[in-house]
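Now for the letters of each chain:
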Amino acid sequence: MTLEFENRVAIVTGAGGGLGRQYALELARRGASVVVNDLGGSVDGVGGSDAAANRVVEEIQALGGRAAASLHSVATPEGGQGIVDTALEAFGRLDVVVHNAGILRDKTLVKLEWEDLDAVLDVHLRGAFYLSKPAFARMKDNHYGRFVFTSSNAGVFGNFGQSNYGAAKAGLVGLSNVLAIEGAKAGIASNVIMPVARTRMTEELLGTFADQVAPELVTPMVVFLASEACQLTHECFSAVGGRYARVFTGLTPGWYAGHGVTPTAEDILAHLDEIENRDGYTVPLSTGDELATLLPLLNQQ
Ligand code: NAD
């Protein structure tokens with residue numbers, strides 16, 4: 001089965017270079033009309049230039065594809081609306097949003113300036129809200145949509161010196177899970193990619209590993225998640241160097257203190273093995289899912 005994007009319109013944020021450029025080129029090669037959004041700033045989010053987005057638009061057009069540049073910043077409500085408006089004005093509809101724009105301001109928590117917190121939250125997390133709110137409304141009207149949000153192992157697993165970035169990236173998983181639930185009846189799927197790839201953001205961090213993690217190797221998973229063939233939603237995938245894997249939040253069966261019993265902290269200590277034991281874990285897909293598995297236990301007399 002070939003995954004095609006004929007008559008589909010996709011927004012890719014941060015598509016002027018790195019991973020976003022790869023996604024934009026491949027979506028366009030498969031027939032999508034692509035809004036190439038990029039502010040064109042530095043890795044730490046300073047400055048801006050129209051060169052990055054325009055260059056990728058030219059690349060796509062030179063290959064016979066359709067693309068329009070958006071130089072908006074995702075980090076403001078006006079920017080998010082402007083990106084959606086660009087898609088509608090240039091191509092008349094909106095089917096896919098790949099929120100990929102990102103910056104880094106790595107510092108340990110003690111050294112973190114509030115400005116570094118705001119800058120990172122604004123691009124990754126608030127930017128995702130500013131873009132997905134107007135995009136979701138449009139997709140809902142069309143009863144179709146695909147969101148792909150970009151998280152990171154730094155957020156889901158943790159990484160030294162990245163509290164601002166990690167919190168923003170973990171927040172994107174929360175946003176995607178809720179959009180998946182809110183969009184289910186309207187044919188809107190929302191999933192998360194956790195990439196690792198050699199780009200300007202990571203070239204000094206990856207060492208010898210860099211040779212094995214080409215950005216092209218992340219693209220197939222993102223293109224699949226952006227496609228009509230993707231019936232998955234509420235999921236998160238790691239894509240690194242040609243290895244694709246599901247990442248999920250599991251719930252252990254845990255330890256039940258018993259009906260009407262209020263345990264002590266010492267009881268918790270005594271039952272830690274049961275609380276932590278992963279045998280028979282489940283993967284709840286909503287708060288209701290967790291409570292549904294709990295109710296039979298709580299109703300035991
Ligand atoms: P990159 O720096 O090459 O790409 C990020 C792009 O986002 C840049 O072109 C930049 O100009 C753009 N951008 C920044 N702020 C913007 C704003 N306010 N509005 C619009 N565009 C803006 O880095 P990359 O490695 O390609 O990163 C892409 C995404 O993948 C980021 O979200 C990053 O956090 C995430 N990520 C990357 C890796 C990796 O190993 N490269 C690992 C985990 C997550």
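The structure presented is a predicted model; accordingly, all values stated were derived computationally and were not measured.

Undergrad: I tried to follow unusual backbone geometry on my own but got confused; where do I start?
TA: Peptide bonds are trans in most cases, and residues, glycine excluded, mostly fall at negative phi. Even without glycine at this site, N7 takes up a positive phi of about 65°. Of note, N7 is situated in the segment before β1 (9-13). Located in the positive-phi region is H234, a residue other than glycine, with phi close to 65°. Among the secondary structure elements, H234 is positioned in the loop between α7 (219-225) and β7 (235-240).

Undergrad: What should I look at first to understand the packing of aromatic side chains in this one?
TA: Note on aromatic pairs: each is described by the distance of the centres and the angle between the planes. According to the stated counting rule, one finds 3 aromatic pairs in the structure shown. Between F136 and F147 the ring centres are 6.3 Å apart and the planes differ by 15°, which places this aromatic pair in the stacked class. You can see F136 sitting in helix α4 (residues 114-142) and its partner F147 sitting in strand β5 (residues 145-150), a full 11 residues away along the chain. Look at F136 and you get buried, because its relative accessible area is 11%. The class of F147 is buried, set by a relative accessible area of 0%. Between F147 and F149 the ring centres are 5.5 Å apart and the planes differ by 5°, which places this aromatic pair in the stacked class. Both residues of the pair, F147 and F149, belong to the buried class. Through a chain of ring-to-ring contacts, the aromatic side chains of F136, F147 and F149 assemble into a single cluster. Directly above the ring of Y144 sits R8, whose terminal nitrogen or CZ lies 3.8 Å from the centroid.

Undergrad: Looking at this model, I keep getting lost on the packing of helix α3 (residues 77-91) against α4. Mind explaining?
TA: The packing of two helices is summarised by the inter-axis angle and the distance between the axes. Following both chains from N to C, one finds α3 and α4 inclined at 40°, their axes separated by 7 Å at the closest point. Taken together, the axis directions place α3 and α4 in an arrangement best described as oblique. Remark: the crossing between α3 and α4 carries right-handed chirality. Where α3 approaches α4, its residues P77, G80, Q81, I83, V84 and L88 are matched on the opposing element by Y130, L131, P134, A135 and R138. By residue class, the composition of the contact of α3 with α4 is 8 nonpolar, 2 polar and 1 charged.

Undergrad: Mind showing me how you'd approach the site of the ligand here?
TA: Neighbouring residues of the ligand: 29 residues in total, closest D38, N100, Y165, A197 and T199. Backbone polar atom of L19 to an oxygen atom of the ligand: 2.8 Å apart, as the coordinates give it. In this structure, an oxygen atom belonging to the ligand sits 2.8 Å away from a side-chain N or O atom of R200. Contact with the protein chains removes 96% of the 820 Å² of surface that the ligand exposes when unbound.

Scoring rules and cut-offs
- Residues numbered from 1 in each chain as written.
- Predicted model: local features only at pLDDT ≥ 70, side-chain atom pairs only at ≥ 80, totals over all residues.
- Heavy atoms only, no water.
- Helix = DSSP H or I, 4+ residues; strand = E, 2+ residues; numbered from the N terminus.
- Phe/Tyr/Trp six-rings, centres within 6.5 Å; stacked < 30°, edge-to-face > 60°.
- Buried < 20%, exposed > 50% of the residue type's maximum accessible area, 1.4 Å probe, protein only.
- Lys NZ or Arg CZ within 6 Å of the ring centre and 35° of its normal.
- Axes fitted to C-alpha atoms, helices over the stretch in contact; angles between N-to-C directions.
- Parallel < 35°, antiparallel > 145°, perpendicular 65-115°, else oblique.
- Left-handed = near helix turned anticlockwise from the far one by under 90°.
- Contact = heavy atoms within 4.5 Å.
- Nonpolar A, V, L, I, M, F, W, Y, C, P; charged D, E, K, R; others polar.
- Near = heavy atom within 4 Å.
- Polar contact = N/O pair within 3.5 Å; in protein donor to acceptor, adjacent residues only side chain to side chain.
- Areas by Shrake-Rupley, 256 points an atom, 1.4 Å probe, with all protein chains shown as cover.

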